[in-house]
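Examination of the molecular architecture
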Amino acid sequence: MALSTLNELNSPSKNHLYKDIGLDQWPIIYCANYNIGFLGMEKLHPFDSSKWRSVVRFLRDAQMITNATIVQPNEATKEDLLTVHTRRYLSSLKWSINVARVLEVAPIAVLPSFLVQRKVLRPLRYQTGGTILAGKLALERGWAINIGGGFHHCSSDRGGGFCAYADLTLLIKNLFTYYSDRVKKVLIVDLDAHQGNGYEHDFLNDDRVFIMDMYNRQIYPHDHEAKSAIKCKVELTNHTNDKTYLRLLHINLEKSLNEFRPDFVVYNAGTDILEGDPLGNLNITPEGVVVRDEIVFSKCIRDKQLPIVMCTSDGIEHKRIFVLFSGSKGKDGHSWCPDCVAAEKPIEEAVKSSLPSNGVFIECFVGDRASWKDTNCPFRTDSQTRLTDIPTLVEWGTPKRLVERELLDTETIKILFEED
Ligand SMILES: [Zn+2]
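Let us look at the structure shown here. Bear in mind that the values here come from a model prediction, so they are computed numbers and not experimental data.

Our focus in this paragraph is the side chain of D272. As for its position among the elements, D272 is in the loop between strand 6 (264-268) and helix 11 (286-303). Buried and unpaired, D272 has R292 as its nearest opposite-charge partner, separated by 6.3 Å. In terms of polar contacts, D272 uses its side chain to reach the side chain of H194, at 2.9 Å.

A few words on the packing of aromatic side chains. In this structure the tally under the stated criterion is six aromatic pairs. An aromatic cluster is built from Y18, Y178 and Y179, whose rings are joined through pairwise contacts. The residue whose ring lies beneath K185 is F260, and the NZ or CZ to ring-centre distance is 4.9 Å. Looking at R380, its charged tip hangs above the ring of W372, at a distance of 3.9 Å from the centre.

This next bit is on the pairing of strand 6. Burial within strand 6 is extensive, with five of its five residues counted as buried. Of the two faces of strand 6, both are covered, the one formed by F264, V266 and N268 as well as the one formed by V265 and Y267. Here four bridges tie strand 6 to strand 7 (residues 308-311), and the two strands are oriented parallel to one another. Bridge pairing links Y267 to M310 in strand 7. Once you follow strand 6 into helix 11 and on to strand 7, the crossover reads as right-handed.

Now for helix 11. The end-to-end C-alpha distance of helix 11, which contains 18 residues, comes to 25 Å, matching closely the 26 Å that a straight helix rising 1.5 Å per residue would cover. Of all the bends found along helix 11, the most pronounced is centred on F297 and spans about 25°. Of the positions making up helix 11, those classed as buried are G288, V289, V290, R292, D293, I295, V296, F297, S298, K299 and C300.

The next subject is the sheet that holds strand 1 (residues 28-29). Across the sheet, which stays open at both edges, the seven strands sit in the order 1-2-7-6-3-4-5 with parallel pairing between neighbours. Of all the strands in the sheet, the pair left with one neighbour each is strand 1 and strand 5 (232-236). Sheet analysis places strand 3 (residues 186-190) next to strand 6, joined by five bridges and oriented parallel. Note that in strand 6 the partner of D190 across the bridge is N268. Relative to the sheet, helix 7 (residues 167-178) contacts strand 3, strand 4 (209-216), strand 6 and strand 7, its axis offset from that of strand 6 by approximately 170°. Packing against the sheet, helix 11 makes contact with strand 2 (143-146), strand 6 and strand 7, and its axis sits at approximately 160° to strand 7.

A few words on the layout of surface pockets. Taken as a whole, the second largest pocket spans an internal volume of roughly 250 Å³. Every residue lining the second largest pocket is counted, 16 residues in all, and those nearest its centre are H153, R158, N197, H201 and D223. The element best represented in the lining of the second largest pocket is helix 8 (residues 197-202), accounting for four residues. Taken together, the residues of the lining of the second largest pocket sort by class into three nonpolar, eight polar and five charged.

Criteria and cut-off values
Residues numbered from 1 in each chain as written. Predicted model: local features only at pLDDT ≥ 70, side-chain atom pairs only at ≥ 80, totals over all residues. Heavy atoms only, no water. Helix = DSSP H or I, 4+ residues; strand = E, 2+ residues; numbered from the N terminus. Buried < 20%, exposed > 50% of the residue type's maximum accessible area, 1.4 Å probe, protein only. Lys, Arg positive; Asp, Glu negative; His and termini not counted. Salt bridge = Lys/Arg side-chain N within 4 Å of Asp/Glu carboxyl O. Polar contact = N/O pair within 3.5 Å; in protein donor to acceptor, adjacent residues only side chain to side chain. Phe/Tyr/Trp six-rings, centres within 6.5 Å; stacked < 30°, edge-to-face > 60°. Lys NZ or Arg CZ within 6 Å of the ring centre and 35° of its normal. Pairing = 2+ DSSP bridges. Right-handed = clockwise from strand over helix to strand, strands pointing away. Expected span 1.5 Å × (residues − 1). Bend = angle between axes of the 7 residues up to and from the residue. Contact = heavy atoms within 4.5 Å. Axes fitted to C-alpha atoms, helices over the stretch in contact; angles between N-to-C directions. 1 Å grid on protein atoms, 1.4 Å probe; cavity = no way out; pocket = protein on both sides within 12 Å on 5 of 7 lines; lining within 4 Å. Points joined across faces, edges and corners; volume = space filled by probe spheres on them. Nonpolar A, V, L, I, M, F, W, Y, C, P; charged D, E, K, R; others polar.

Quick look at the structure:
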């Protein structure tokens, strides 16, 4: 094939995810379709995150950013995903039980597949499209931020830790394909509290990618095989503080940049390093997170003029999950269980007004009357649910639960939503 034809085939305009943006728009990517949830009751808002604030502070021009200037990505299609993922893996996601395993949210296993596809996987495909688009925008503008994505536990053939698609691998492989003249060496800086074992598997023997991963070695995923892909490994222990963290970041980022001399940087900026995060187990203050981001941006952009993509890496692993168990609805749209019907309004009111910004609300139907009354009903016997009555509202992974009459009072439900 002639070289010109090849170049044409790989022209960025051939990639539907690489949309053009207006001069009045900032390379900040987000859309309402990112939100995972059921019944439209979710309430996740990007402006609430400390991540967002720190970025805005770095840019020093908060007034310039409005909803209208934010870039909305396209959804990554099956064809897009197949450039990295195996068919076998993508097919496995057709089964709710596999999605539940990947996302580590057990109630998903009992949801019908079409709901999981529409309400869980589709938002993740939008976020994946956003990460891929960020690559193009960073080349045009010098930097780009996806307020989502950063699914660093997913590789081409395996999901896990709430990561269903390997968006970081896809981002980099697309850059190598469509911008082969400009992007030859990519540095990944992964500062999420967890080891980024997904893309590490994908780039195990790839010299075009240099991985700097700084993570708490005492928490998930303990992936020893993947560790051999890390060229600059900074292992932290529980309760690492700002001083130690920022010093290690400073030294190791400088070292990685000088040793590898990348022409592109991918920054995975998880905020689970914050003190009090139940999973990260590190003690970084909000101010420390701001300084962290400033170190990365200033070393890459100000000192080296390197294009950089930042993903916020805020998976469901950092969220509080509330599950409402109720009787399935009939053709008329009403549950057969009168208590569940009575609780609908107060629950909806509480969710609308008080679901925390990091909260995800999931409604799970336990079946028709006969299957619920059966003493072998899995919702009664399963050690993770152990239901005795419906409706029941639980905060997943905690002992907090409200049952039957307690769910008739909006104020009681609001208390469940409050932070401890
Ligand atoms: Zn994490």
